[in-house]
Amino acid sequence: MSDSRAPLDVVLIGGGIMSATLGTMIQRLQPDWKVRVYEVLGDVAQESSNPWNNAGTGHAALCELNYMPEAKDGTVDPAKAISINEQFQLSRQFWASLAQKGELPTSFISSTPHMTFVRGGENVKYLRKRYAALKDQPLFRGMEYSEDHRVIREWTPLLIKGRTREPIAATRMATGTDVDFGALTTALFDGLVERGGELWLNCRVKSIGRTRDGNWRLKVKHLVGNTPHTVDARFVFVGAGGGALHLLQSSGISEIKGFGGFPISGKFFRTTNPKLVAQHHAKVYGKAAVGAPPMSVPHLDTRVVDGEASLMFGPYAGFSPKFLKKGSWWDLPGSVRGGNLGPMLAVARDNFALIKYLVSELLATRTKKLRALQEFMPTAKSEDWELITAGQRVQVMKKDAKRGGVLQFGTEVVAASDGSIAGLLGASPGASTAVPIMLDLLKRCFPQQWGQWEPKLKELIPTMGSTLNNQPEKAAEVIAETSKVLGLSD
């Protein structure tokens, strides 16, 4: 089959939070544009955006220690944490604007304190310094700190019950959130379809190539019936999670050369025991093990999915060559090209500690996994917890002038020089910062339209283009307004 109609204005590949966010923005900026979404599975939000495939943390750097590592001289710089929080505030404003217009239900987000918890004298000293660096920052107003077992017990009893009198410390931000990104993604796509967008499920995009007139031709297979289909588009966004690398490679754009992907899988312990759930209302992050990637920071979380609360602990990292949870065992070897083989080998050479860590995680027994949970919750019993498999995360590997190749934790937008095609590679804190990521993509890929779009975007995101942390009164105002609209604690 061949689609003989005029080229579509926008094609979004992947039914996750990134495509949902970008499609929602474009429809408000250019309501006359034809937007179509292709998703390989039978519903949206089934991979990384699914609530059981991610931690659901509204990543605002309130509790994640990897955004504020201790330097060799012992100092702790808050700049990265402040930057992440600034980005999350943009997402909150966008969601609040849609909710205020009655276009987005607020049940996807709930108030859940964010805490950091450490053990041992040296870790306590570090957390004390981190607290000192953040407590007076406007975006971190209200952060609490304690080394007192009794105070921490009041915050969340499960951290203290059965614990010896070892040195411990914790910080707490009552304004943290738990986000059901699956529910958010579904709601955004529902709105997109209601406003005339198209959502094609069970459709696998096989390849992307240039046409003579400069558009992009997508070869698609309908998995129900195995019928082929082609469609042309003026702009393509590849938001296919781990599948983005292969599709960008098929496009032939020079900007993707040298990029590779390193897949890391994960598992979580989960409990729905009401007695345990009632005693823990927080997302509690600790310190990552030596050699572990930042995304493997252990945390004991309250989760609210479909209105039901549960607790999750993890992640326990693992390895699979699949780039998607429902991907192919050939994803990793199939991504190797002449241009990225060198960087990939350089990453393998320079990350022996990571490889060692992954092997130890793969060999870990359930008993060993339980001991890791008991470091947070000393009274944890195996029979209360089930082990679930979370989503795949594909970390970015790319060229580096000094080392040949580097492993990059985070997200990166790769776009053609003419802005006609772009894709997102990488992982955390992607979902929480989807709004600023897509704003940057729009500015980069549509420079001619950006001037007329900017005022419209500022109606949805009032502080876009500015920062809040250097404006204490404005920061307090914005946080209070979005909290009220989204039904959150201020």
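Parameters and conventions
- Residues numbered from 1 in each chain as written.
- Predicted model: local features only at pLDDT ≥ 70, side-chain atom pairs only at ≥ 80, totals over all residues.
- Heavy atoms only, no water.
- Helix = DSSP H or I, 4+ residues; strand = E, 2+ residues; numbered from the N terminus.
- Rg over C-alpha atoms; globule rule 2.2 N^0.38 Å.
- Contact = heavy atoms within 4.5 Å.
- Areas by Shrake-Rupley, 256 points an atom, 1.4 Å probe, with all protein chains shown as cover.
- Salt bridge = Lys/Arg side-chain N within 4 Å of Asp/Glu carboxyl O.
- Expected span 1.5 Å × (residues − 1).
- Buried < 20%, exposed > 50% of the residue type's maximum accessible area, 1.4 Å probe, protein only.
- Pairing = 2+ DSSP bridges.
- 1 Å grid on protein atoms, 1.4 Å probe; cavity = no way out; pocket = protein on both sides within 12 Å on 5 of 7 lines; lining within 4 Å.
- Points joined across faces, edges and corners; volume = space filled by probe spheres on them.
- Nonpolar A, V, L, I, M, F, W, Y, C, P; charged D, E, K, R; others polar.
- Core = buried A, V, L, I, M, F, W, Y, C linked by side-chain atoms within 4.5 Å.

**Student:** Pulling in residues and values, what's your account of the overall build of the protein chain?
**Tutor:** Of regular secondary structure, the protein chain possesses 14 helices and 20 strands. By the compact-globule yardstick of 23 Å for 490 residues, the protein chain fits well, its C-alpha radius of gyration being 22 Å. Viewed in the frame of its principal axes, the protein chain has a C-alpha envelope of about 70 × 50 × 45 Å. Residue pairs in contact within the protein chain that sit at least 24 positions apart in sequence constitute 73% of those at least 6 positions apart. Of the roughly 20800 Å² that the protein chain leaves accessible, carbon and sulfur atoms contribute 52%.

**Student:** So, the pattern of salt bridges: which residues are in play, and what are the values?
**Tutor:** One pass over the structure, following the stated rule, counts 23 salt bridges. Between Lys-34 and Glu-198 there is a salt bridge; the shortest N-O distance is 3.0 Å. Placement of the pair is Lys-34 in the loop between helix H1 (17–29) and strand S2 (35–38) and Glu-198 in strand S8 (residues 198–200), with a sequence separation of 164 residues. Between Arg-217 and Asp-232 there is a salt bridge, with its nearest N and O atoms 2.7 Å apart. Taken as a pair, Arg-217 in strand S10 (residues 216–222) and Asp-232 in strand S11 (residues 227–238) lie far apart in primary sequence, 15 residues in all.

**Student:** Help me get a handle on helix H2 (residues 79–100), residues and values and all.
**Tutor:** Two residues of an α-helix separated by three or four positions point the same way, owing to the 3.6 residues in each turn. For H2, which comprises 22 residues, the first-to-last C-alpha distance of 31 Å matches the rise-based estimate of 32 Å (1.5 Å per residue) to within 8%. Across the 22 residues of H2, 17 count as buried, placing the element largely inside the fold. The first or second residue beyond H2 is Gly-102, which carries a positive phi of 80°.

**Student:** An account of the pairing of S11 is requested, with residue identities and associated values reported.
**Tutor:** Regular strands place their side chains on alternate faces of the sheet. With nine of its 12 residues buried, S11 lies for the most part within the structure. With five bridges joining them, strand S1 (residues 8–13) and S11 adopt parallel strand pairing. Residue pairing in the sheet places Leu-8 in a bridge with Ala-233 of S11. Pairing analysis gives seven bridges linking S10 to S11, with the strands arranged antiparallel.

**Student:** Please give an account of unusual backbone geometry that cites residues and values.
**Tutor:** Cis geometry marks the peptide bond from Gly-314 to Pro-315; its omega dihedral reads -5°. Within the secondary structure, Pro-315 sits in strand S15 (residues 308–318). Phi at Ala-45 takes a positive value of approximately 60°, unusual for a residue other than glycine. Relative to the assigned elements, Ala-45 resides in the loop between S2 and H2.

**Student:** If you had to explain empty space enclosed by the protein to someone new, which residues and values would you point to?
**Tutor:** Evaluated as defined, the whole model comprises three cavities of 30 Å³ or more. In this structure, the largest cavity occupies an estimated 70 Å³ of space. Lining the largest cavity are Gly-241, Gly-242, Leu-245, Gly-260, Gly-261, Val-394, Gln-395, Val-396, Leu-424, Leu-425 and Gly-426. Listed by contribution, the elements that provide at least two residues to the lining of the largest cavity are strand S12 (260–271), strand S17 (393–400) and strand S20 (421–426). Considered class by class, the residues forming the lining of the largest cavity number five nonpolar, six polar and no charged.

**Student:** Talk me through the nonpolar core; I want residue IDs and the actual numbers.
**Tutor:** In terms of nonpolar packing, the biggest core is built from 80 residues, with Leu-22, Trp-95, Phe-140, Phe-237, Leu-441, Leu-442 and Ile-461 touching the most fellow members. At 10 residues, H2 tops the list of elements feeding residues into this core. Excluding residues that lie within four positions of it along the chain, Phe-140 makes contacts with Ala-60, Ala-61, Leu-62, Ala-81, Ile-82, Asn-85, Leu-134, Lys-135 and Met-173. Counting residues in hydrophobic clusters, the runner-up holds 40 residues, among them Tyr-38, Leu-218, Val-236 and Phe-259.

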